[in-house]
Protein chains: 2
Amino acid sequence: MSDGAIHGVLLTPLRQIVDERGAVLHMMRSDAPGFLGFGECYFSVINPGMMKAWKRHSRQTQNLVVPVGGVRFVLCDTREHSATRGALQTIELGRDLVFSRLTIPPLIWYGFACVGTTPALVTNCADLAHEAGESETLPDGSFGDARALIELQRGLKPP
Amino acid sequence: MSDGAIHGVLLTPLRQIVDERGAVLHMMRSDAPGFLGFGECYFSVINPGMMKAWKRHSRQTQNLVVPVGGVRFVLCDTREHSATRGALQTIELGRDLVFSRLTIPPLIWYGFACVGTTPALVTNCADLAHEAGESETLPDGSFGDARALIELQRGLKPP
């Protein structure tokens, strides 16, 4: 029941190739860890001081990268037969934080918060296209594990 | 030989779903126009005042979306048997400009420039993963069609 890595969650370091014109940032390849097929790619913009939580997919795997700004992710494992049931995992991603791809398997609850003072951009390459009824949402304050919300809110306030 | 749409280039309008927390921005789906398979997704950051030009792929199709900032794309059709051989196509993309996906088939020369005063982000969902030798590059000033460079530079200076 301790905090830490959740079984099946992957964190894959990605390359940034920077020059005076800007940069090329890797995101996903068809031969990369966590790639199970391509269903949909979309962006989630999150404004300073804001959270998006909580969400759980029944079948879709998320592959999340933050190419702009900083985002704190909190994941909670409530899977009945998981070796890490009850675990919370907190990860901050961004070019100036950790530039890695976060792979979230189905059935993990997750939320995220903007860290910093500018809008952040989350990009998701999911293995299945959006389908009504495939995911569940809960308002941020109504999630069963109070530690998860505390962890998420912590991202909103710089130390 | 006139300017205008190049045969095989697609511009597909995308949805932006905005709320007080931020937005969800569509990018690509496996059942969308221009989707030929998934090889790689990556980001290109381009700083104000900068251009990235010129590039041509032999087999890879580009699917480009600009979720942050504004970018001017210039495309040039030099394909020997194309109905639009010699045509230039200029498109400015961004959330505040035109929020569409630009699909560039193989063998079209293209370049892009940052418009505006903040860095822009181009996202590419390409049908094939990067492969050495699959693309050609030319320095911006050495491209055969002088109109193309003029069109690109025009993006750097607001009217």
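Residues numbered from 1 in each chain as written. Chains lettered and ligands numbered in written order. Predicted model: local features only at pLDDT ≥ 70, side-chain atom pairs only at ≥ 80, totals over all residues. Heavy atoms only, no water.

## Looking at the relation of the copies chain A and chain B
Okay, step 1: Here chain A sits on chain B after a turn of 180 degrees about the axis and a move of 0.0 Å along it, with an RMSD of 0.0 Å. The superposition operator between the copies reduces to a two-fold rotation axis. The rotation axis passes nearest to the C-alpha of A:Phe38 in chain A, at a distance of 3.2 Å.
Okay, step 2: Taken as a fraction of all interface residues of chain A, those also at the interface in chain B reach 100%, which identifies the copy contact as same-surface. (Least-squares fit on C-alpha atoms with pLDDT ≥ 70 in both. Contact = heavy atoms within 4.5 Å.)

## Concerning helix α1 (residues 146-154) of chain A
All names here are of chain A.
Okay, step 1: Three or more residues of α1 are buried, namely Ala148, Leu149, Glu151 and Leu152. Looking down the long axis of α1, one finds its buried residues gathered within 160 degrees of arc, a one-sided arrangement.
Okay, step 2: Residues of α1 that are buried sit in contact with β5 (51-57), β7 (70-77), β8 (88-94) and β10 (108-115). (Buried < 20%, exposed > 50% of the residue type's maximum accessible area, 1.4 Å probe, protein only. Helix = DSSP H or I, 4+ residues; strand = E, 2+ residues; numbered from the N terminus. Arc of directions from axis to C-beta.)

## What about the side chain of A:Ser44?
Okay, step 1: Residue placement: A:Ser44 occurs in strand β4 (residues 40-46).
Okay, step 2: Looking at A:Ser44, its side chain comes within polar contact range of the side chain of A:Lys52, at 2.8 Å.
Okay, step 3: Apart from the residues lying within four places of it in its own chain, the contact partners of A:Ser44 are A:Lys52, A:Phe112, A:Ala120, A:Leu121, A:Val122 and B:Ala23. (Polar contact = N/O pair within 3.5 Å; in protein donor to acceptor, adjacent residues only side chain to side chain.)

## Some points on the pairing of strand β6 (residues 62-68) of chain B
All names here are of chain B.
Okay, step 1: The buried count for β6 comes to 6 of 7 residues, which makes it a mostly enclosed element.
Okay, step 2: Direction of pairing for β6 relative to strand β11 (residues 120-126): antiparallel, over a ladder of 3 bridges. If you follow valine 65 over to β11, its bridge partner there is threonine 123. (Pairing = 2+ DSSP bridges.)

## Overview of the environment of B:Glu92
All names here are of chain B.
Okay, step 1: Here glutamate 92 is to be found in strand β8 (residues 88-94).
Okay, step 2: Given a relative accessible area of 27%, glutamate 92 falls into the partly exposed group.
Okay, step 3: Beyond its immediate sequence surroundings of up to four residues, glutamate 92 is in contact with Val71, Arg72, Leu97, Val98, Val115 and Gly155.
Okay, step 4: Reaching out from glutamate 92, the side chain makes a polar contact with the side chain of arginine 72 at a distance of 2.7 Å.

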